[in-house]
4 protein chains.
Amino acid sequence: MNYQKILQEVYLEAKSLPQIGNVAQTIPQLSKVNPDKFGIHLTTIKGQDFGIGDSNEKFSIQSVSKALTVALAFSFMGEEIWKRVGVEPSGTAFNSLVQLEFEKGIPRNPFINAGALVIADMLVSHLKHPKEDFLAFIRTISGTQEIDFNLKVAQSEKETGYRNAALANFLKSFGNIENDVETVLDFYFHQCSIEMTCKELAHSFYFFANEGKTMDGKQILSKSNVKRLNALMQTCGFYDESGEFTYKVGLPGKSGIGGGIAALFPKHFTIVTWSPRLNEKGNSELGMNALELFTTKTGMSVF
Amino acid sequence: MNYQKILQEVYLEAKSLPQIGNVAQTIPQLSKVNPDKFGIHLTTIKGQDFGIGDSNEKFSIQSVSKALTVALAFSFMGEEIWKRVGVEPSGTAFNSLVQLEFEKGIPRNPFINAGALVIADMLVSHLKHPKEDFLAFIRTISGTQEIDFNLKVAQSEKETGYRNAALANFLKSFGNIENDVETVLDFYFHQCSIEMTCKELAHSFYFFANEGKTMDGKQILSKSNVKRLNALMQTCGFYDESGEFTYKVGLPGKSGIGGGIAALFPKHFTIVTWSPRLNEKGNSELGMNALELFTTKTGMSVF
Amino acid sequence: MNYQKILQEVYLEAKSLPQIGNVAQTIPQLSKVNPDKFGIHLTTIKGQDFGIGDSNEKFSIQSVSKALTVALAFSFMGEEIWKRVGVEPSGTAFNSLVQLEFEKGIPRNPFINAGALVIADMLVSHLKHPKEDFLAFIRTISGTQEIDFNLKVAQSEKETGYRNAALANFLKSFGNIENDVETVLDFYFHQCSIEMTCKELAHSFYFFANEGKTMDGKQILSKSNVKRLNALMQTCGFYDESGEFTYKVGLPGKSGIGGGIAALFPKHFTIVTWSPRLNEKGNSELGMNALELFTTKTGMSVF
Amino acid sequence: MNYQKILQEVYLEAKSLPQIGNVAQTIPQLSKVNPDKFGIHLTTIKGQDFGIGDSNEKFSIQSVSKALTVALAFSFMGEEIWKRVGVEPSGTAFNSLVQLEFEKGIPRNPFINAGALVIADMLVSHLKHPKEDFLAFIRTISGTQEIDFNLKVAQSEKETGYRNAALANFLKSFGNIENDVETVLDFYFHQCSIEMTCKELAHSFYFFANEGKTMDGKQILSKSNVKRLNALMQTCGFYDESGEFTYKVGLPGKSGIGGGIAALFPKHFTIVTWSPRLNEKGNSELGMNALELFTTKTGMSVF
């Protein structure tokens, strides 16, 4: 398949659609991003790279990081992880407290904010130097040292992240946060502030498509456990639009309010899009359209 | 792959697990079923059949029928269908009215009861002889005339189906039911009362795995639209346990409170299990276990 | 106190306020009422009558009837009544199904529709000729035979009352309706269709203000039980605006979507207003304003 | 009326009922209180005092303080206060976040924790030395200098008050807290830690019964505004048991998890009970029983 040609077509067709939505306004530092940025990168299972547009520009991965923190936590805790967080779609917004109250402090899945905070708490408990060790993990799976936190973004989220502080305190009130609320939030805001290019992110997600092995052959998770996380991304990766994404695109993936989407076709490829304009559910409108065009043109989806 | 041998292993291992759960109690006629029935049937894309246990015994397909009604409605209405019902997992029980109130009469998806009632209403509006025509459709896709409603079961559901009557009236109050409430409920109770064997059901689901074509070559839905319904089954097919089923089994499928589960691996096979004991979410406990064993042993799942 | 003069002032001041809101649209027959009708009637504990405006014109009492059905049910069942319906404000709209699902079929109070349907079911079970006997009760407490159902309104509600049918079926599914859903709804739609003038309604509510005794001395409820029902009207009589009404007016009362409000000051008077324009919570805007003016001017409220 | 004799009867009868419920466990410092403490104090509108049992022992007033903070805020803000907090019963538990999410950060009333935090924020904004000035206000209305914060209790609440921290952050995320979350919580925990005897509390509530004037004649609120706050206590003073309390007791009042209840009959008396055992709704079981006995025996209730 001529991926470069297909990406080009997808890129042009997607750009010709009406550009709707706005850059995330909730985090001051992020709201300054140029809304018209747009890049796509595809990495095949054989390691070939295909990029187009702004695919080599860094952006804030935000909630895409949740797929990586849960992979790391799963790698050392295994099924124990599901005692403190579920695997069901939430049926509500990413930052809802309602469901958490009804289910007594057990978040529905690790991709809504409440679940990601519980995962962050696990990492804080388990890692010796949580922030540094997590960054090292990201550098390992991406195969590059050129990845870092954006401290201004982390600070910006800290200063305005009252909803996340509410969630963390609420979880703590149910006993589902072990560490200090402050420490967990600090880790979480750092994890979200990581910046990558589409290409770096596609490389980082490679092990999800490759039965648990990174591009340079490190086994991060077992084949079976990677399937399970892919399944989880399929049902829960796009908040309250997970059904829509699955319906239209048919690939497991994870979005972030920085405008990034990382998706993958097991045994075939990973694909990452970046466009900062978000729809009302908080997902990248252009990215979703591009991925729908891509799977429609290629017929390559898990279904 | 030696499917007969694998089915045998799965059958024995699953039976050796603790048999928990009870036969559905909500429908008097169904509560009389022998709880220890257990059958599995697999049909490959090439048309080979493999069965074990009670796989040739008829059972009430109940909500498994929802995958078939939505396929029929989708075949003549196309994307119009989604104006009256969504594609998102519900995050609540199969018969909840809560979500419906918050979302002003638009059910989250066609597999919860509210959504299935809206689909039933579409069929009643569109088909000349709704019950007869739907039965004819089932006979066509299954390739056998030996399929019928169980009128006692339909009657039994009618007499005790107050929750469904509540849902239908509620939908009508939002203007999302066009026909008489009575007529729609009558159709719905008939559709659920259809009886099939595991084998017949596996044949009926064959077109989902075969890009829209039945075993004898009839194109029911386009390749692209079949992918979309498979995606929908993946995220919503098991009520509030859809994430769990996806996580454990990794195949699109649909369950019913008669104890049946129909699942499929696109381009490879359909597989149907039947065991009437239900877990607390209303899904067949033994069936889910058997399917998890099957995909673990074969490595055959979409992720 | 010169009640006639005060009523006159209240009437003029209230009429000079902006007339907002619309006549109830949900029941076709009611939507034809002249929106500018406005009447007030006050009956003192000594039996003196003071009226102004359209206070001698019949209107549909609708949910005001709920205070009268609960009084009748309470008179023969006593505290048993509270096993099937609560005494707490609902915090939701008058016809919400959400709360009912969370609380497993026990309505929060007898003044939301779900609760009133349970009370209707009690009356259907207990009365020999439910509709006739209830009408006789109303004629007794009002002291006049000139009161009847409006059969066109009852029929109109029946044909469009899908939300109430949903509630009744939902209650039945929880086992909290004993009789046929149809029979209970028929009784309920009749009870709501009763027509009275402000004066007749003020006389009917007299026993609430007079320690349980009607104007001609019949003891309907004990002194203690009447206090309890007054308390219930205070906290729950205006749906999700009960707090607002209590805050502004400070009297127990009950509203209906026909635009009527009956209120009372124990040991002092009953007062009834009628104006068909409803605010967004379903209560008579002008009626509430008039009652607020009345208690402000006279200083006569329970607090 | 011989109040001393009636209090004695009530005291003995209430004590002879089964003593159910436990001391509040959520605040470590409070959990140490002797569960069998029981006192009642009544102050008539003429200033006469009647006490029995442990009525002169200090206890933690906790949420009873919410009636006093709202009175103070109302005295300088007037109706402006209701732009940021409602006057409707909540229909949910005192510390629920659900309602707050649905209503976008506007608490239903000032007596649930979320509403009290908004009131605390108003006081922090308005008072020069918030804690000192509020304490001075309490000393003024109670007529004694012998009232203080319990710093150990305040500290204990601070260290374990994750649910309140969640609420405050959640409110802040909606823009309904002006000051630092920390500062508002610190004020709130101090306000709740105030200790009084039944007698001191009965004196503090005197102005609610006396048309806004304290025992030594200071006008705290206008006659009309005091009526409004009494109305608010009637519908919302006992969390999700406000309807029950109104039904049984028929007086406006406010409870706290320290086991105190302050209630009043306008123009007649204030009455305070203290018994630390709480029912499952968080209200003093024995206190509610005593007040029900009291109003039943005397017939003195607002209805």
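Residues numbered from 1 in each chain as written. Chains lettered and ligands numbered in written order. Predicted model: local features only at pLDDT ≥ 70, side-chain atom pairs only at ≥ 80, totals over all residues. Heavy atoms only, no water.

- Where an unreviewed UniProt entry is consulted, chain A appears under the name Glutaminase, with the organism given as Flavobacterium lindanitolerans.
- Regarding chain A, the UniProt comment filed under Catalytic activity (unreviewed entry) reads as follows: "L-glutamine + H2O = L-glutamate + NH4(+)". (UniProt positions renumbered as here; feature names shortened; annotations may be inferred.)

### Section: the overall build of chain A
Part 1 of the reasoning: Regarding its fold elements, chain A presents 13 helices and 7 strands.
Part 2 of the reasoning: Since a compact globule built from 303 residues should have a radius of gyration of about 19 Å, the 18 Å found for chain A is in line with a globular shape.
Part 3 of the reasoning: In terms of its C-alpha atoms, chain A occupies a principal-axis envelope of roughly 55 × 40 × 35 Å.
Part 4 of the reasoning: The contacts in chain A between residues at least 6 apart in sequence include a share of 69% that link residues at least 24 apart. (Helix = DSSP H or I, 4+ residues; strand = E, 2+ residues; numbered from the N terminus. Rg over C-alpha atoms; globule rule 2.2 N^0.38 Å. Contact = heavy atoms within 4.5 Å.)

### Side note on the environment of A:Glu101
Part 1 of the reasoning: Among the structural elements, A:Glu101 can be located in helix α3 (residues 98-102).
Part 2 of the reasoning: Separated by 70 residues in sequence, A:Glu101 and A:Leu171 have C-alpha atoms that sit 9.3 Å apart.
Part 3 of the reasoning: When neighbours within four sequence positions are excluded, A:Glu101 is seen to be in contact with A:Phe170, A:Phe174, D:Ser96, D:Leu97, D:Val98 and D:Arg163.

### Quick look at the pattern of salt bridges
Part 1 of the reasoning: Scanning the entire structure with this criterion turns up 72 salt bridges over all chains.
Part 2 of the reasoning: Salt-bridge contacts for A:Lys131 lead to A:Asp186; the nearest nitrogen and oxygen are separated by 2.7 Å. Taken together, the residues span a long stretch of sequence, with A:Lys131 in helix α5 (residues 130-142) and A:Asp186 in helix α8 (residues 181-193) at a distance of 55 residues.
Part 3 of the reasoning: A residue is classified by how much of its surface remains accessible, and A:Asp186, at 18% relative accessible area, is buried.
Part 4 of the reasoning: The partner of B:Glu80 in a salt bridge is B:Lys83, with the nearest N and O atoms 3.0 Å apart.
Part 5 of the reasoning: Of the residues examined, B:Glu80 reaches a relative accessible area of 42% and is grouped as partly exposed.
Part 6 of the reasoning: Among the ionic contacts, a cluster of salt bridges with common partners joins A:Lys5, A:Glu9, A:Glu13 and A:Lys297. (Salt bridge = Lys/Arg side-chain N within 4 Å of Asp/Glu carboxyl O. Buried < 20%, exposed > 50% of the residue type's maximum accessible area, 1.4 Å probe, protein only.)

### Side note on the relation of the copies chain B and chain A
Part 1 of the reasoning: Rotating chain B by 180° and translating it 0.0 Å along the rotation axis places it on chain A, where the RMSD comes to 0.0 Å. Put plainly, the chains are arranged around a two-fold axis. Closest approach to the rotation axis among the C-alpha atoms of chain B is made by B:Gly91, whose C-alpha sits 2.3 Å away. (Least-squares fit on C-alpha atoms with pLDDT ≥ 70 in both.)

### Re the pairing of strand β6 (residues 260-265) of chain B
Residue and element names in this part refer to chain B.
Part 1 of the reasoning: Burial runs high along β6: 6 of the 6 residues are buried.
Part 2 of the reasoning: Both strand β5 (residues 253-255) and β6 contribute to a ladder of 3 bridges, which runs antiparallel. When the bridges of β6 are listed, Ser 255 appears paired with Ile 261.
Part 3 of the reasoning: Where β5 hands over to β6, the hairpin turn is made up of 4 residues, of which Gly 259 adopts a positive phi near 100°.
Part 4 of the reasoning: As paired strands, β6 and strand β7 (residues 269-274) are joined by 6 bridges and run antiparallel to one another. The residue bridging Phe 265 from the neighbouring strand is Phe 269, located in β7. (Pairing = 2+ DSSP bridges.)

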